[in-house]
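Below are the chains, spelled out letter by letter.
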Amino acid sequence: MSTASPVRTTAVSAEGLWKAYGMGEAQVVALRDVSVEFASGAFTAIMGPSGSGKSTLMHCLAGLDTTDRGTVHIGDTAVTGLGDKALTKLRRDKIGFIFQQFNLLPTLTAEENITLPAAIAGAKADPAWINQIIKTLDLADRLSHKPTELSGGQQQRVACARALASRPEVVFADEPTGNLDTRSGAEVLRFLRTSVDDFGQTIVMVTHDPSAAAYADRVVFLADGQIVEDMAEPTADKVIDKMKHFEELVAAAQGEHA
Amino acid sequence: MLRAALKGMAARKARLALTSIAIILGSAFIAAALVLTASIQATVDDLNAEAYAGADALVQPADAESRSEDLVQQGIPAEALAAVESTAGVDHVAATVSWAISAIGDNGKVVGGLAPTTAVNWGDEARERELREGRAPETDGEVAVSAKFAADSGLGLGETVTAYSQTTDQTEYAIVGVYGYAGGRDSISGGTEIAFTTAEAQRLVFDGEDAYSVLAVYAADGTGADDLVAALEPVIGAESQVTSWEDYNAEASAQTAKLTKTIGNFLLGFGLVAVFVSVFLIANTFSIVIAGRLKEIAMMRAIGAGRGQVVRSILAEALLLGTIAAAVGAAVGVAGGAGLTAAIANSFFDAAQVSVAVPPTAILAALAVGIGVTVLAALVPAVRASRVPPVEAMRAAAKTDRPITLLTVSGAIIALAGGGAMALGLTGNLGGDTADLTGTAVGAGLVFVGVTMLTAWLSKPLVGALGLIWSWNFAGKLGRRNAGRNPRRTAVTASALMIGVTLVTATATLLTSVKASIEDYFGEAVKAELFVTGPAVSEVPASFDPAVMDDIRAIDDVDAAVEVYYDIADIDGTDQYVNTTTDFGGIVDLFGGTLAEGDSDELADDEIAVNQSAADELGVGMGDIVTATFSRGTEAHEFTVAAILVDNENTDGWYVAPAYVEEFYTTKPMMALVDVADGADIDAVTAAVDDALADEPEVSAQNHEEFVGEVTVFFDFAIIAIQLLLGLAMIVAVIGVINTLILSVLERTRELGMLRAIGMTRGQTVRMVIVESVTIALFGAVLGVAVGLGLGWALQNALADSGVDVFAVPTTLIAGYLAAAVLVGLLAAIAPAARAAKTNILGAIAYE
Ligand SMILES: Nc1ncnc2c1ncn2[C@@H]1O[C@H](COP(=O)(O)OP(=O)(O)OP(=O)(O)O)[C@@H](O)[C@H]1O
Ligand SMILES: [Mg+2]
C-alpha cells in the first residue's frame, strides 16, 4: 500500500542500541541490542506491551535521550555523541515531533504554533508548503484561534502541521491518537498516511492501537526491550492476531536471554 | 487535612522558602526597629547618667526647656552660686559653663560639621576628664582639648586653635593639654570639646557676664537630695530652677526618647512597607500554588472533603509558614537591631558600653505581624480554591485564568471616585482649606488603590506594548506573551514594584516642583546675584565678621552688598523673626520686596518695619507702637511701625535699625546679598567674594542655584530617605518576581520540554524568561511612575497657592527608577531562567 518514492534510502537507523535505567539490583534494561532501520518515505508503527521500551527507543532515535551502547543515524548525521547544541539544531532542522498531549503553546495562535520551529530557527517558513499542509489538514478557518479555542482533534492536527512544517527528515509521534476519540484519531492518521503518500514524509509512530498500526507500511513489535517481530503490510486483524501471541513471544524472548 | 497540608509544604520547600523571605524581611524590620529604639535609649540613658554623676541636685536656668528653641543661653548669675554655696546642707558646688562655639581646624574649616564644638570651663566636674598630655589651662589664652577634637581638627599639644562664639571675634588659643574621658573614651557621644578657664568660657558663652550654665550641688553627709532641693529652692532666685539629679536624668531620658522614637518610627515605616508589599507576594504565591493544585483539591473534594476543610488546610499551611518565617524574622530582627545599635553607638556616640535591650513587644509585634499578614494574604486564595466545583477544577486545570471584570470595574470606580475627590479638592469645592486638602489627599489614596486594582486590566495592553521593545527575536516574543498570559498574576507581581515606585516618584516630583518653584521665584524676583551664607542645616548658625563687607564692596562689578543680622525677639509677647541691616532700602530692593505703606528710608532707632501678615497677626498698623525684647537684651524697647512690606517669603519679618545688634543672639551678620553689575562675569565675582571671605570658614559666596540648593537641602535628605524605602520595596519586588517566575516555569515544564524538543536552544529559553521578567518589572515601574507623576502633579496643584506654582518632573530620578526596574527584572530572572534552561526534556514530556 506504499511506494511513493522509487529509490528507498534510509532515513533513520539504529545499530546495537542498549539502554538501561538505574544501577545494580534495581536496574531496568529498557533496550537490549536493538538494531533497526527506517526507510525514508515510509510510515512505520512501533508496537508492544506497556514497558517494552517503545518510548525509550523513540527518544534515543530522536536524540532526546542518550544510549549506553550503539549508534543512531538520522540521514547521514550520527546522532550518538552530539552535544546539546548540535542535538538541539538536529531536532530543529531534521526532526518533527507529535506528542500524545500538551503539544501546543497556549500563548500562540494555531498559525504561529505551526510556524514555531521556523521561528525558533529564526527562519521564514515556506508559505506555499505551509498553505498546502493547512489545506490538507482543513485548518484554514482556525488559524487565528488560540489552542484553548480548538478541539482536541484540531489541536492534534495543528501539532501534525507543525511537525511537518519544516520538512523534517523524519517525524516521530508517540501515541498521537492516545487522547483522541476514534473519529478525530482517524483524521490524524489519515493525514499522516497522506503526508507519506503525497509528500514522501518519513514517519515513525508509537501506538497501542491495532487499527492505528494498520495505517502504517510496517509494524515493528518490541517486547522486553527487543525487537521480536517485523511485519510488513499490516492490517488490524494481522496485528491483533500477533498481539494474541505476545504472551508466547515474551516468554520466548525471556527464555532466550535467561 | 493538616497532615496533607504538611506533606504539601514539604513538597514545595523551595517555593515556600522564597515566600518566607518576604515575611522574614517584614518581621525582621519591625523587631529591629523596636530593639534598636530600646537599645539606643538604654545606651544613651547610661551615657546621660554619667553627667554630673555623684551630684545630688542641679541648678539650671529657669527657662532651660525653651533654650534649644531660641538658641539663647541664659546663665545662672554669680549671686545664685554664692547663695547656693552658703546654704546649709551643701558640701560643695561645681559650676559649669558649657555651650556650642565654633573652632577652626588645621584645614581652615569649622570642626565638627553638623554637631558643633562645645566650650566648657576646665574643672567643672560635669564629667570625669582625664588629662592625657600636657596640663590644665591656667590663663585665658590657654585651652585643653578633647582627644576627639585633637583628632578631628588635626591640632595637638603646643599648637594654637582659633575659636569664636556668636558674640566674640576669632581668637587664638594655645593648646596646653589633651584629655579623654572615663573608660578611655575620646569623646562623649562623638562630640568635640574645648576646655577654657572659667573666665574665658564666660566671655565666649555669656558675653563676659559672671554666669554659669549649670550648678552641680553635692550634699553634705546626712542631707538627702529632696531636702537639698527644698533648701535650695528659696535661695536661687527667679531666674534659676533646681531639680534632684534623678529628676534631671529622667528629663534627659525623656528628651532622648523623642529622638530614639523618631529613629525607631523611621525603621518601623520600613517594616510596614516591607509587610505591605509582602502581602501581595504571599497572596500571589498562594494563588499560584493553589492554581497548580486545583486537580489535587478537586480530587480531595470529590472524595468527600468539605469546603471548610480545603480552606482550613490552606490556612494551616499559611499559619505554619507564617509562624516559622515570623520567628526567623524576629530572631534576625533582634540580632540586626542589636548589631545596628552597636554600630550606631560606636560611630555616633563613641560609647564604651552598648546596652542591648530586647523589649518583649519587639518579638510579639514581629510574630503577630508576620503570622497575621501571612494568614490574611492566604485567606482570599484559600476561599477561592474552596469555591471551585470539583468537576470544573478537574476539567479546567490547565486553564486557571479567572475573569477580571469585577476587579476592573471596582478598581475603575474607586479610581474615578478618588479622581473626583481630588478634582473637587484641588478646585477648592469642598468648603474650607482643611476639607480641600483632606479631600485631595484621600482622593490621591483612592486613585492609588484603584489603579492597583486596575493593574490586571492594564497589564494586557501595557505589557504587550512594553514587550514590543524585546520582540526583535522570537524568544523575546514568547517571553512577552508569557508575561501577558496571566494578567492577575503579572499585575500582583508588578504591584510590589509599582507601590515603591509610586511612592518615590510622587515624593520626588513634589519636592522637585517645590525646588523649581523656589528657583523660579528667585530668578524672577531676587535682584541680588550672590548670597554670602553658610549651610542651612547646622546647630550653630553660621556668621561672619562684618569687616569683610568693605572688601566685598570694593570688588569691581559689585554694585551693592548688604549684610543682614537675624534674631528671634519677643515682640508684644510673641516670638518674632527680626532682621537688621545697615541698609534697609537695599535689602528690600535686592530681595525683590515691595512696600505696601511707608518708604524705604533708613529706619530710625525707634522705628520698625514689618510685612503685612505679621502686622495683621499682632493687630498693628502704620504708626502703632510695639514693644520688643531681643535675645540678649535685658530691657524692652518701644518702636513705631514706620513701614509695611507686601508679603513675600524673602522679606517677611520685622526690621529694626542696626543699633540693637549687640542685643541679638548672634551679634555678627549671618547673611549678605551681593548685587553684581549687569553683564559682569558672575563666576569671577564669586571667586573674588570667596577671596574676601578667606578667613571666614563658615560662609561662602553662593549663586541662586547653590543658595536654593542649600535652602532646600532638606528635600535631598527626604528624597534619599524615601529612596531607601524604594530600595527595600525593590528587594521584596525582586523576591516576588523570582517567585512568580519560578512557579510559572514549573507550571510550564511540559511546554518548555516541548519547545526544547522541537529545537529551542538553552540560550533562547533563558532569553524568553529574562524578557518575561524584565517586562513584568518594567510594567510595575512604568505604572508606578505614571501614578506617581499624577499624584505629584495633584499635590503640586494643591499647594500652588502656597507658592509651589511650577510643576517639575524629576527626569533623572525617573530614568533611574526605570533602569532599576530593568535591573530588578534581570536579577529576578537569573534563577528561573537557569531552571528553565535545565528543563529535562524527557521528564517534561513524559506522560502522567
Ligand atoms: N527514567 C526512567 N527511569 C527508570 N526506568 C525507566 C525510565 N524510563 C523508562 N523506564 C523503564 O524502562 C522500561 C521501558 O520504558 P518505556 O517508557 O520505553 O516503555 P513503553 O514501551 O513506552 O511503555 P508504555 O506503553 O507504557 O508507554 C520500563 O520498564 C520503564 O519502567
Ligand atoms: Mg511509552
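Remember, predicted model here, so these are calculated numbers, not experimental data.

The rules behind each value
- Residues numbered from 1 in each chain as written.
- Chains lettered and ligands numbered in written order.
- Predicted model: local features only at pLDDT ≥ 70, side-chain atom pairs only at ≥ 80, totals over all residues.
- Heavy atoms only, no water.
- Helix = DSSP H or I, 4+ residues; strand = E, 2+ residues; numbered from the N terminus.
- Buried < 20%, exposed > 50% of the residue type's maximum accessible area, 1.4 Å probe, protein only.
- Contact = heavy atoms within 4.5 Å.
- Areas by Shrake-Rupley, 256 points an atom, 1.4 Å probe, with all protein chains shown as cover.
- Lys, Arg positive; Asp, Glu negative; His and termini not counted.
- Charge placed at Lys NZ, Arg CZ, Asp CG, Glu CD.
- pLDDT = per-residue confidence, 0-100.
- Near = heavy atom within 4 Å.
- Polar contact = N/O pair within 3.5 Å; in protein donor to acceptor, adjacent residues only side chain to side chain.
- Core = buried A, V, L, I, M, F, W, Y, C linked by side-chain atoms within 4.5 Å.
- Domains from an automatic or database assignment.
- Buried area = accessible area lost by both parts, 1.4 Å probe.
- Salt bridge = Lys/Arg side-chain N within 4 Å of Asp/Glu carboxyl O.
- Axes fitted to C-alpha atoms, helices over the stretch in contact; angles between N-to-C directions.
- Parallel < 35°, antiparallel > 145°, perpendicular 65-115°, else oblique.
- Left-handed = near helix turned anticlockwise from the far one by under 90°.
- Nonpolar A, V, L, I, M, F, W, Y, C, P; charged D, E, K, R; others polar.
- Pairing = 2+ DSSP bridges.
- Expected span 1.5 Å × (residues − 1).
- Arc of directions from axis to C-beta.

(A) Just the overall build of chain B, in detail. Check the secondary structure of chain B and you find 26 helices and 23 strands. Principal-axis analysis of the C-alpha atoms gives chain B an extent of 100 × 75 × 50 Å. Classification of the 848 residues of chain B by burial places 52% in the buried group. Residue pairs at least 24 apart in sequence account for 82% of intrachain contacts in chain B once pairs closer than 6 positions are excluded. Counting only carbon and sulfur atoms, one obtains 59% of the accessible surface of chain B, whose full area is about 34900 Å². One finds the centroid of the 45 positive side-chain charges in chain B at a distance of 39 Å from the centroid of its 99 negative side-chain charges.

(B) Here's a closer look at the confidence of the model for chain B. All names here are of chain B. The predicted model of chain B averages 82 in pLDDT, with 92% of residues at 70 or higher. Here helix H3 (residues 67-70) stands out as the least confident element of chain B, with mean pLDDT 40; strand S7 (residues 142-146) is the most confident, with 93. Quick note on the complex model: pTM equals 0.71, ipTM equals 0.80.

(C) Structural view of the site of ligand 1. Residue and element names in this part refer to chain A. In the neighbourhood of ligand 1, 13 residues make up the surrounding shell, with Ser50, Gly51, Lys54, Ser55 and Thr56 lying closest. At 2.9 Å, a backbone N or O of Gly51 approaches an oxygen atom of ligand 1. Within the backbone of Gly53, a nitrogen or oxygen atom sits 3.0 Å from an oxygen atom of ligand 1. Listed by contribution, the elements that provide at least two residues to the shell around ligand 1 are strand S2 (28-39) and helix H1 (54-61). Take the shell around ligand 1: its biggest share by element is three residues, from H1.

(D) Fine view of the nonpolar core. Ranked by size, the top nonpolar core spans 111 residues in total, and within it A:Phe97 and A:Phe172 carry the most contacts. For this core, the element with the most residues is helix H22 (residues 713-747) of chain B, which contributes 16 residues. Once residues lying within four places of it in the same chain are set aside, the contact partners of A:Phe97 are A:Ala62, A:Leu64, A:Arg91, A:Ala159, A:Arg162, A:Ala163, A:Phe172, B:Ala757 and B:Ile758. B:Ile101, B:Ala119, B:Val178 and B:Leu228 belong to the second largest nonpolar core, which has 43 residues in total.

(E) Region of interest: the environment of B:Gly736. Residue and element names in this part refer to chain B. With respect to the secondary-structure elements, Gly736 resides in helix H22. C-alpha separation for the pair Gly736 and Arg481, spaced 255 residues apart in sequence, amounts to 19 Å. Beyond its immediate stretch of four places on either side in the chain, Gly736 contacts Leu281 and Thr493.

(F) Broad picture of the domain arrangement of chain B. All names here are of chain B. Domain parsing of chain B yields domain 1 (1-51 + 245-400), domain 2 (52-244), domain 3 (410-450), domain 4 (454-526 + 708-848) and domain 5 (530-702). In this structure, domain 4 and domain 5 have C-alpha centres spaced 49 Å apart. Taken together, the contact between domain 4 and domain 5 spans eight residues of the former and twelve residues of the latter. With both sides pooled, the region where domain 4 packs onto domain 5 buries about 690 Å², and carbon together with sulfur makes up 57% of that total. A per-residue breakdown of the area domain 4 buries against domain 5 is headed by Tyr521, Val526 and Glu710, which together make up 60% of the total. Counting every contact that joins domain 4 to domain 5 gives zero salt bridges. Where domain 4 touches domain 5, the interface holds zero residue pairs in polar contact (both at pLDDT 80 or more).

(G) The side chain of A:Arg218, seen in detail. Residue and element names in this part refer to chain A. You can see Arg218 is positioned in strand S9 (residues 218-223). Side-chain polar atoms of Arg218 contact the side chain of Asp230, separated by 2.9 Å. In this structure, Arg218 is in contact with Val36, Glu37, Phe38, Phe43, Thr44, Ala45, Asp230, Met231, Ala232 and Pro234, ignoring residues within four places of it in sequence.

(H) How the structure looks around the packing of helix H16 (residues 487-525) of chain B against helix H21 (residues 704-711) of chain B. Residue and element names in this part refer to chain B. Contact pair H16 / H21: the axes reach a minimum separation of 10 Å and the direction vectors enclose 140°. When the interaxial angle is binned, H16 and H21 end up oblique. As H16 packs across H21, the resulting crossing turns out to be right-handed. Counting all contacts with H16, which are made through Lys515, Ile518, Glu519, Phe522 and Gly523, the residues of H21 involved are His704, Glu705, Phe707 and Val708. Tallied by class, the residues present in the contact of H16 with H21 amount to four nonpolar, two polar and three charged.

(I) A look at the pattern of salt bridges. Within this structure, the stated rule accounts for 26 salt bridges over all chains. The partner of A:Asp93 in a salt bridge is A:Arg92, with the nearest N and O atoms 3.6 Å apart. Judged by its relative accessible area of 15%, A:Arg92 falls in the buried class. Between B:Glu200 and B:Arg203 there is a salt bridge whose closest N-O contact spans 3.1 Å. Within this pair, B:Glu200 and its partner B:Arg203 are both found in helix H6 (residues 198-206), separated by three residues, close to a single helical turn. With a relative accessible area of 31%, B:Arg203 lands in the partly exposed category. When salt bridges with common partners are traced through the structure, they connect A:Asp84, B:Arg756 and B:Arg762 into a single cluster.

(J) Highlighting the interface of chain A and chain B. The interface of chain A with chain B comprises 26 residues on the first partner and 24 residues on the second. Buried area between chain A and chain B, both sides added, is near 2500 Å², and the carbon and sulfur share of it is 66%. For the pair chain A and chain B, the number of links is four salt bridges. As a salt-bridge pair, B:Lys477 and A:Glu112 come within 3.6 Å of each other at their nearest N and O atoms. Of all elements in the fold, only helix H2 (84-94) and helix H4 (116-121) of chain A reach the threshold of two or more residues within the side of chain A that touches chain B.

(K) How the structure looks around the sheet that holds strand S3 (residues 43-47) of chain A. Residue and element names in this part refer to chain A. Pairing in this open sheet of six strands is mixed, and the strands run S6-S7-S8-S3-S9-S10 from one edge to the other. Taken across any chain shown, the strands that pair with only one partner, and hence form the sheet edges, are strand S6 (95-98) and strand S10 (226-232). When strand polarity is set aside, the average angle formed by the axes of neighbouring strands in this sheet is 20°. Where S3 lies against S9, four bridges are found, and the strand directions are parallel. Looking across to S9, one finds that Ala45 is bridged to Val219. The sheet strands contacting H1 are S3, strand S7 (170-174), strand S8 (203-206) and S9, and the helix crosses S7 at an angle near 155°.

(L) Spotlight on helix H13 (residues 405-426) of chain B. All names here are of chain B. Here H13 spans 31 Å end to end across 22 residues, near enough to the 32 Å set by a 1.5 Å rise per residue. Turning to H13, its buried residues number three or more, namely Thr408, Gly411, Ala415, Gly418, Met422 and Gly425. When H13 is viewed along its axis, its buried side chains cluster within an angular range of 125° and face the same direction. Of the exposed residues in H13, those oriented more than 90 degrees away from the buried face are Thr405, Leu406, Ile413 and Leu416. Contact partners of the buried residues in H13: helix H14 (433-467) and helix H24 (762-798). After H13 finishes, the residue Gly428 shows a positive phi value of roughly 70°.

(M) View of the packing of H14(B) against H24(B). Residues and elements named next belong to chain B. Running from amino to carboxyl end, H14 crosses H24 at an angle of 150°, the nearest separation of the two axes being 9 Å. If you check the angle between H14 and H24, you find them roughly antiparallel. The handedness of the crossing between H14 and H24 is right-handed. Judged by residue contacts, Leu437, Thr440, Ala444, Phe448, Val451, Thr455, Leu458, Ser459, Leu462, Val463, Leu466 and Gly467 of H14 engage Thr775, Leu778, Phe779, Val782, Leu783, Val787, Leu791 and Ala798 from H24. Of the residues belonging to the contact of H14 with H24, the class tally is 15 nonpolar, five polar and no charged.

(N) A look at the sheet that holds strand S13 (residues 240-244) of chain B. Residue and element names in this part refer to chain B. Pairing within the open sheet is antiparallel, and its four strands lie in the order S3-S12-S1-S13. Unpaired on one side and paired on the other, strand S3 (90-96) and S13 mark the two borders of the sheet. This sheet shows a mean twist of 20° between the axes of neighbouring strands, independent of strand direction. Bridge analysis of strand S1 (residues 57-61) against strand S12 (residues 214-219) gives three bridges, and the strand direction is antiparallel. By the bridge assignment, Val59 is partnered in S12 with Leu215. Contacting S1, S3, S12 and S13, helix H4 (residues 78-85) crosses the sheet at an angle of about 160° to S3. Lying over the sheet, helix H7 (residues 225-232) contacts S1, S3, S12 and S13, oriented at roughly 170° with respect to S13.

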